[in-house]
Amino acid sequence: QASERAGGAATSFQTFAMARGAVDAHLRRNETPRIAVVRRDGRPVVIFPTVLVNRFGFKVARFLGEPLIQYGDVLCEPGTGKRYLAAAWQAAADPAVADAIHLRKVRADARIAPLLKDKATASSHDEAPFLDIARTPVRAGEEPRKLRHSRRKLTALGALRLDVTQGENARSHLRDALALKRRWLTARNLASGVIGNGDWEEALERLVDHGGGMRLRVTVLTVADRPAAYEVAFTIGDRWYAFIGAIVEEFARHSPG
């Protein structure tokens, strides 16, 4: 938590709350959390949270929180020396403990990314488009045409309201969003490592109760007081990490997302 307060958590997925919620799910699945800590003068400077899982007879080290976390990384303050990261890597990838180390969803700007360029092989790359909303102020009448069109279609069905909930107010909305997403996946014969998995859904619900700097929030769009769409997200500081989107079927053709 001290590292987190000092800026050690690059995203909400490296927070203590997220790790604490994930540990119970890992243990129920017979997976072993293993945390490598590098200290300088007794103070932790790098924390590398991993979990050991069995895959086809091999013991594999992965990021703690997989598959729940959206991004994987170590905890360390910006500018931490590479030698400390290398020491954490040596402990996490110890061949006496793990047969392999498989780290997924590492951002290009992750704290561990420079080290992985030297130590690991990338098996796949993904890129996502983004819009810096801080640099593109939208005045009335300047919304994208498609957004205005969707808003008109939805407004024709009734008054729109957008609520951002957290804490106990978010619990029932989270359950509704998960139920919608499960039905959506089932209808399309798709699988998810989190949605529909009791261990990970329970971990998500526990995060509702966390009242620290990292919060689980559920946004609800209602049309004529009927829920039309949900977004489950995590926030830390001024950053919003969209996590799960779910749309009520009767409103789907009106693009409530």
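Here, every reference points to the structure presented above.
Keep in mind it's a predicted model, so treat the numbers as computed, not measured.

## Side note on the sheet that holds strand S6 (residues 214–223)
Strand order in the open sheet made by the four strands is S5-S6-S7-S8, with antiparallel pairing throughout. If you trace the sheet from one side to the other, it starts and ends with strand S5 (160–166) and strand S8 (239–247), each paired once. Between one strand axis and the next, the sheet turns through 20° on average, direction left out of account. Pairing of S6 with strand S7 (residues 226–236), which is carried by ten bridges, proceeds in the antiparallel orientation. Counterpart to Arg217 in the pairing with S7 is Ala233.

## Focus on the packing of helix H6 (residues 168–187) against helix H7 (residues 198–207)
With their axes 10 Å apart at the nearest point, H6 and H7 run at an angle of 155° to one another. By the criterion of interaxial angle, the relationship of H6 to H7 is roughly antiparallel. Relative to H7, the crossing made by H6 is right-handed. On H7, the residues that touch Arg171, Leu174, Arg175, Leu178 and Arg182 of H6 are Glu201, Leu204 and Glu205. Residues belonging to the contact of H6 with H7 are distributed by class as follows: three nonpolar, no polar and five charged.

## Considerations on the environment of Thr222
Structurally, the position occupied by Thr222 is in strand S6. Given the relative accessible area of 6%, Thr222 is considered buried. Ignoring sequence-local partners within four residues, the contact set of Thr222 consists of Ala159, Leu160, Arg161, Pro227 and Ala228.

## Things to note about the side chain of Glu66
Looking at where Glu66 falls in the secondary structure, it is placed in the loop between strand S3 (58–63) and helix H3 (82–92). Here Glu66 falls in the buried class, since its relative accessible area comes to 3%. Within polar-contact distance, the side chain of Glu66 engages the side chain of Arg62 at 3.4 Å. Residues in contact with Glu66, not counting those within four places in the same chain, are His26, Arg104 and Trp200.

## Re the pattern of salt bridges
Using the criterion set out here, one finds 19 salt bridges in the structure. With a shortest N-O distance of 2.3 Å, Glu77 and Arg43 are connected by a salt bridge. Placement of the pair is Glu77 in the loop between S3 and H3 and Arg43 in strand S2 (residues 43–55), with a sequence separation of 34 residues. Exposure remark for Arg43: the relative accessible area of 41% places this residue in the partly exposed category. Residue Arg206 pairs with Glu202 through a salt bridge whose shortest N-O separation is 3.0 Å. Taken together, the residues span about one helical turn, with Arg206 and Glu202 both in helix H7 at a distance of four residues. Since its relative accessible area comes to 36%, Glu202 is described here as partly exposed.

## Some remarks on the sheet that holds S2
Strand order in the open sheet formed by four strands is S1-S2-S3-S4, and the pairing between neighbours is mixed. Strands with a single pairing partner mark the edges of an open sheet, and in this sheet they are strand S1 (32–40) and strand S4 (100–101). Bridge count for S2 against S3 is six bridges, and the pairing is antiparallel. Within S3, the residue paired with Leu52 across the bridge is Ala61. Lying over the sheet, H3 contacts S1, S2, S3 and S4, oriented at roughly 150° with respect to S1.

## Points about the side chain of Gln14
Mapped onto the fold, Gln14 is located in the loop between helix H1 (2–5) and helix H2 (16–28). One polar contact links Gln14 to Thr11, side chain to side chain, over a distance of 2.7 Å. Residue contacts for Gln14: discarding those within four places in its chain leaves Ala9, Tyr71, Gly72, Asp73, Val74 and Leu75.

Procedures and definitions
Residues numbered from 1 in each chain as written. Predicted model: local features only at pLDDT ≥ 70, side-chain atom pairs only at ≥ 80, totals over all residues. Heavy atoms only, no water. Pairing = 2+ DSSP bridges. Helix = DSSP H or I, 4+ residues; strand = E, 2+ residues; numbered from the N terminus. Axes fitted to C-alpha atoms, helices over the stretch in contact; angles between N-to-C directions. Parallel < 35°, antiparallel > 145°, perpendicular 65-115°, else oblique. Left-handed = near helix turned anticlockwise from the far one by under 90°. Contact = heavy atoms within 4.5 Å. Nonpolar A, V, L, I, M, F, W, Y, C, P; charged D, E, K, R; others polar. Buried < 20%, exposed > 50% of the residue type's maximum accessible area, 1.4 Å probe, protein only. Polar contact = N/O pair within 3.5 Å; in protein donor to acceptor, adjacent residues only side chain to side chain. Salt bridge = Lys/Arg side-chain N within 4 Å of Asp/Glu carboxyl O.

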